[in-house]
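So you can see what is in the structure, the chains are spelled out below.
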Amino acid sequence: MERKTGLILALDVTDRMEAVAISEKVSGYVDAIKIGYPLVLSTGMDMISQLSKYAPIIADFKVADIPNTNRLICEQVFKAGADAVIVQGFTGHDSLEAAVKLAKEQKKDIYVVTEMSHPGALDFMQQVGEGIAKMAADAKASGVVAPATRPERVAEIRKIIGNDLSIISPGVGAQGGSASDVIKAGADWVIVGRSIYQAEDPAMAAKKLVDEMKEFI
Ligand code: NUP
């Protein structure tokens, strides 16, 4: 994925027309559009190819299964036109390696969730976040998903993975994180949903974020 603005739109709307309208409005400000279960379950898998004309598509299905099933799922998602898939890391190295192997064969990307951005991630996930980051680097994944709500953790994770992997970081705006703070801490992209798609003017909201990050990118 090429970094021009540092912004990824999380398009968690459930209406096809709205999804297309917002994508059209913000396409000049985003490097990718992340879609997940809310949009795909309500509109269908063909939403992926429909939106791919506006920006590369990251499919946030947080895939978390045995190696063979991970491979089968990623195969279908890439076939539908996605450029990248987000997988969970807690399933371990073999599940991750199966997804990465397939992605490399197809010149696609896998992003691995290390520690999630919501408060409940402290219950279990944070304890294993660093180990997952190391595993993602060993498996040569394209990058990791790390929390904009905790820039200090993003800085830790950056130390572990080095500069070969990217960090894409959700939690800006509605969840309380700051775009410029997390970019300064070492993230390559911020992932932003509600603050853009629920804004009165989504293009203006996206532009504001891009302007905020500009000097740190
Ligand atoms: O740790 C994570 N936190 C998170 O919010 C991992 C994610 N994939 N996400 C996703 O990022 C979440 O499912 C949503 O699609 C987006 C953040 O949206 P918002 O809080 O900006 O509306």
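To be clear, the structure that these remarks concern was listed above.
Residues numbered from 1 in each chain as written. Predicted model: local features only at pLDDT ≥ 70, side-chain atom pairs only at ≥ 80, totals over all residues. Heavy atoms only, no water.

Participant: Can you help me understand the site of the ligand in this one?
Facilitator: In the neighbourhood of the ligand, 13 residues make up the surrounding shell, with Asp-12, Lys-34, Ser-117, Gly-193 and Arg-194 lying closest. Here a nitrogen atom of the ligand sits 2.8 Å away from a polar atom, N or O, in the side chain of Asp-60. Take Gly-193: an N or O atom from its main chain is 2.8 Å from an oxygen atom of the ligand. Taken by itself the ligand offers 480 Å² of open surface, and the protein chains cover 89% of this. Here the residues of the shell around the ligand are counted per class, giving 5 nonpolar, 3 polar and 5 charged. (Near = heavy atom within 4 Å. Polar contact = N/O pair within 3.5 Å; in protein donor to acceptor, adjacent residues only side chain to side chain. Areas by Shrake-Rupley, 256 points an atom, 1.4 Å probe, with all protein chains shown as cover. Nonpolar A, V, L, I, M, F, W, Y, C, P; charged D, E, K, R; others polar.)

Participant: When you look at the sheet that holds strand β1 (residues 7-10) in this model, what are you seeing that I'm missing?
Facilitator: Adjacent strands of a sheet pair through backbone hydrogen bonds, lying either parallel or antiparallel. A barrel is described by the order of its strands in space; here 8 strands give the closed sequence β1-β2-β3-β4-β5-β6-β7-β8, paired in parallel fashion. Between one strand and the next, the sheet's axes are offset by a mean angle of 25 degrees, whatever the strand orientation. Relative to strand β2 (residues 32-36), β1 runs parallel, the two sharing 3 bridges. Bridge pairing in β2 places Ile-8 opposite Ala-32. Packing of helix α10 (residues 202-213) onto the sheet brings it into contact with β1 and β8 (189-192), and relative to β1 it is tilted by some 150 degrees. (Pairing = 2+ DSSP bridges. Helix = DSSP H or I, 4+ residues; strand = E, 2+ residues; numbered from the N terminus. Axes fitted to C-alpha atoms, helices over the stretch in contact; angles between N-to-C directions. Contact = heavy atoms within 4.5 Å.)

Participant: Quick question: what am I supposed to make of unusual backbone geometry here?
Facilitator: Excluding glycine, a negative phi dihedral is what most residues carry, and trans is how most peptide bonds are arranged. At Lys-62, a residue that is not glycine, the phi angle is positive and equals roughly 35 degrees. By relative accessible area, Lys-62 is classed as partly exposed at 31%. With a phi angle near 55 degrees, Lys-107 is a residue other than glycine that sits in the positive phi range. Locating Lys-107 in the fold gives a position in the loop between α5 (93-105) and β5 (109-113). (Buried < 20%, exposed > 50% of the residue type's maximum accessible area, 1.4 Å probe, protein only.)

Participant: Hey, could you run me through the packing of helix α6 (residues 125-138) against helix α7 (residues 151-161) in this one?
Facilitator: When two helices pack together, their arrangement is given by the angle between the helix axes and the distance between those axes. Running from N to C, α6 and α7 cross one another at 35 degrees; their axes reach a closest spacing of 8 Å. Considering how the two elements wind past one another, α6 and α7 form a crossing that is right-handed. Along the contact surface, α6 presents Gln-126, Gly-129, Glu-130, Ala-133, Lys-134 and Ala-137, while α7 presents Arg-153, Ile-157, Ile-160 and Ile-161. Across the contact of α6 with α7, the residue classes break down as 5 nonpolar, 2 polar and 3 charged. (Left-handed = near helix turned anticlockwise from the far one by under 90°.)

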